[in-house]
Amino acid sequence: MTDTCPVCGEPAGVLTGLGPRVSLNEADVAGLITLFDDDALVPRCDANSCRLPVQPMITMAVAGPPAGAWMVPGSVMAGEWEAFLAGVRADAPGLAVRTVPSVGDLRVLVTRLLGPRVALLRKALAAGDRRAFVAENVAELTPAVFAAGAFALTGPGFGLDLPARTRDRPTAELLGDLQAGVWWLIALFWLRASGDLRLDDLLHRFADDTVVLPGALDALNAHIGEPGDETRWVVPYSLEALRATVCLAAGQPNPERQRWSDLYFGFELARRGGGWDPGSSLHHQGVSDERAAATIGLHAAWITVGERIRALQDEGSPELTVTVQRLDEICGQAGHPKLVAALLGEN
Ligand SMILES: [Zn+2]
């Protein structure tokens, strides 16, 4: 295949190698919209966006089980498809790789995948008591289901459409409420469940990288309510970890970022300072370092740590040295390794 555009004659790098590629996954709403849009799937030349007369290779990642990839061969690599596929299988031996002959066939497969998820949301919308519905079906109400819902709201056809309005309210808003209800429940779920459920795992499964439906963040804020005088740290800690995670997924600033930072450092200090029994399951309920680094900004951490150190200095506490050491360690795991040194240098 030549690497110049047949329409304008300019270089068209997209025609080299494997040719144009489209990579999707089942929780990627924009990708799903592209898959069902003939025009969006037409590859374009780099220089002038001319429509190129080739088929892109399309890869759809499926979470499974079994985890897999559905692949529509691209026309540029036609002769090398089998060799390419063998390479993919060798690189990921556990992955169920399946060749799908055409875009139309892939759409049918995706429709079958999304159908039960949209059906579940239809049931939720029809439920008289949506809160009870969430409690009974929370394990099924994953980000992939809400992505299917967001896609269904765009009216893709294939029996997947959701109505724009349900009982005089925009369906998108009702689904946003539902999503917020799921989040709220999972953030507190581990408190009531015995066993190995961990807050961070639940946040990962239900809130990381999720599509955030219209109104879901507002609904979550309403669910959480005003910070109360809750004395147990676990409830506010869990809810603020959740809010910080969802704000990150939504690309929105966290209105309670300072509170989250204060709770995070409070938890980590208590964990190191014998705040509860060494054998307590609470030890394992802190969020991961990655989540802390992604959700606690330098400014909020600066204020939290600065106030802690200043308070200990003001009261001439014998705990100052050990606490500063611990704060330094915690700042490091939250992605701000130089913060304590900077603060002390300034004092
Ligand atoms: Zn062109």
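Predicted model, so just to flag it, every value in this text is computed and none were measured.

A.B. asks: I'm lost on the overall build of the protein chain in this one. Help?
C.D. replies: Within the protein chain, the regular secondary structure consists of 14 helices and 6 strands. Along the first, second and third principal axes, the C-alpha set of the protein chain runs to 75 × 55 × 35 Å. Here the protein chain holds 347 residues, and 34% of them are scored as buried. In the protein chain, the share of contacts with a sequence separation of at least 24, taken over all contacts with a separation of at least 6, comes to 68%.

A.B. asks: Explain the environment of Glu-329 here, please?
C.D. replies: Summarising the element assignment, Glu-329 is placed in helix H13 (residues 320–333). With 14 C-beta atoms counted inside 10 Å, the residue Glu-329 sits in the partly exposed group.

A.B. asks: Teacher, can you tell me more about the domain arrangement of the protein chain here?
C.D. replies: Often, the extent of an interface is quoted as the loss of accessible area on bringing the components together. Structurally, the protein chain comprises domain 1 (13–101) and domain 2 (110–296). Each of domain 1 and domain 2 has a C-alpha centre, and the two are 32 Å apart. With 9 residues of domain 1 at the contact, the number on the domain 2 side is 10 residues. The greatest single-element share of the side of domain 1 that touches domain 2, amounting to 4 residues, is contributed by helix H1 (residues 29–35). Residue composition of the side of domain 1 that touches domain 2, by class: 8 nonpolar, no polar and 1 charged.

A.B. asks: Would you explain the packing of helix H6 (residues 171–192) against helix H8 (residues 216–224) in this entry?
C.D. replies: Geometry of a packed helix pair, given as the angle between the helix axes and the separation of the axes. For the pair H6 and H8, the least separation of the axes is 8 Å and the interaxial angle reads 45 degrees. Relative to H8, the element H6 lies oblique. When the axes of H6 and H8 are compared, the crossing they make is right-handed. Together, Gly-176, Asp-177, Gln-179, Ala-180, Trp-183 and Trp-184 of H6 and Ala-216, Ala-219, Leu-220 and His-223 of H8 make up the contact between the two elements. Split by residue class, the contact of H6 with H8 holds 6 nonpolar, 3 polar and 1 charged.

A.B. asks: What is the right way to look at the packing of helix H3 (residues 103–126) against helix H5 (residues 143–152) in this model?
C.D. replies: Where H3 contacts H5, the axes come no closer than 9 Å and their chain directions differ by 85 degrees. One way to sum up the angle between H3 and H5 is to call them roughly perpendicular. Contacts between H3 and H5 pair Leu-114, Arg-117, Val-118, Leu-120 and Leu-121 from the former with Ala-144, Val-145, Ala-148, Gly-149, Phe-151 and Ala-152 from the latter. Per-class residue counts for the contact of H3 with H5 are 9 nonpolar, 1 polar and 1 charged.

A.B. asks: In this structure, what is going on with unusual backbone geometry? I would like to understand it.
C.D. replies: A negative phi angle characterises most non-glycine residues, just as the trans form characterises most peptide bonds. Positive phi outside glycine occurs at Ser-49, with the angle close to 55 degrees. Examined against the element boundaries, Ser-49 turns out to sit in the loop between H1 and strand E2 (57–62). Phi at Phe-158 takes a positive value of approximately 60 degrees, unusual for a residue other than glycine. Mapped onto the fold, Phe-158 is located in the loop between H5 and strand E5 (165–166). Assessed through the 15 C-beta atoms surrounding it within 10 Å, Phe-158 is described here as partly exposed.

A.B. asks: Looking at this model, I keep getting lost on the confidence of the model for the protein chain. Mind explaining?
C.D. replies: Any residue range with low pLDDT should be treated as having predicted coordinates unsuitable for detailed reading. Here the protein chain averages 90 in pLDDT, and 96% of its residues register 70 or above. Mean pLDDT across the elements of the protein chain ranges from a minimum in helix H14 (residues 339–346), with 88, to a maximum in helix H11 (residues 289–295), with 97.

A.B. asks: Please clarify how the pairing of E2 should be interpreted in this entry.
C.D. replies: On a regular strand, each side chain points to the face opposite its neighbour's, so the side chains alternate between the two faces of the sheet. Sheet analysis places strand E1 (residues 21–25) next to E2, joined by 5 bridges and oriented parallel. Following the sheet pairing, Leu-24 is matched in E2 by Met-60. In terms of strand pairing, E2 meets strand E3 (residues 68–72) through 5 bridges, oriented antiparallel. Opposite Ala-61, over in E3, you have Ala-69 as the bridge partner. Taken together, E2 and the strand that follows it, E3, pair antiparallel across an intervening segment of 5 residues, in which Gly-64 is found at a positive phi of about 75 degrees.

Quick notes on the rules
- Residues numbered from 1 in each chain as written.
- Predicted model: local features only at pLDDT ≥ 70, side-chain atom pairs only at ≥ 80, totals over all residues.
- Helix = DSSP H or I, 4+ residues; strand = E, 2+ residues; numbered from the N terminus.
- Buried ≥ 20, exposed ≤ 12 C-beta atoms within 10 Å, placed from the backbone.
- Contact = placed C-beta atoms within 7 Å.
- Domains from an automatic or database assignment.
- Nonpolar A, V, L, I, M, F, W, Y, C, P; charged D, E, K, R; others polar.
- Axes fitted to C-alpha atoms, helices over the stretch in contact; angles between N-to-C directions.
- Parallel < 35°, antiparallel > 145°, perpendicular 65-115°, else oblique.
- Left-handed = near helix turned anticlockwise from the far one by under 90°.
- pLDDT = per-residue confidence, 0-100.
- Pairing = 2+ DSSP bridges.

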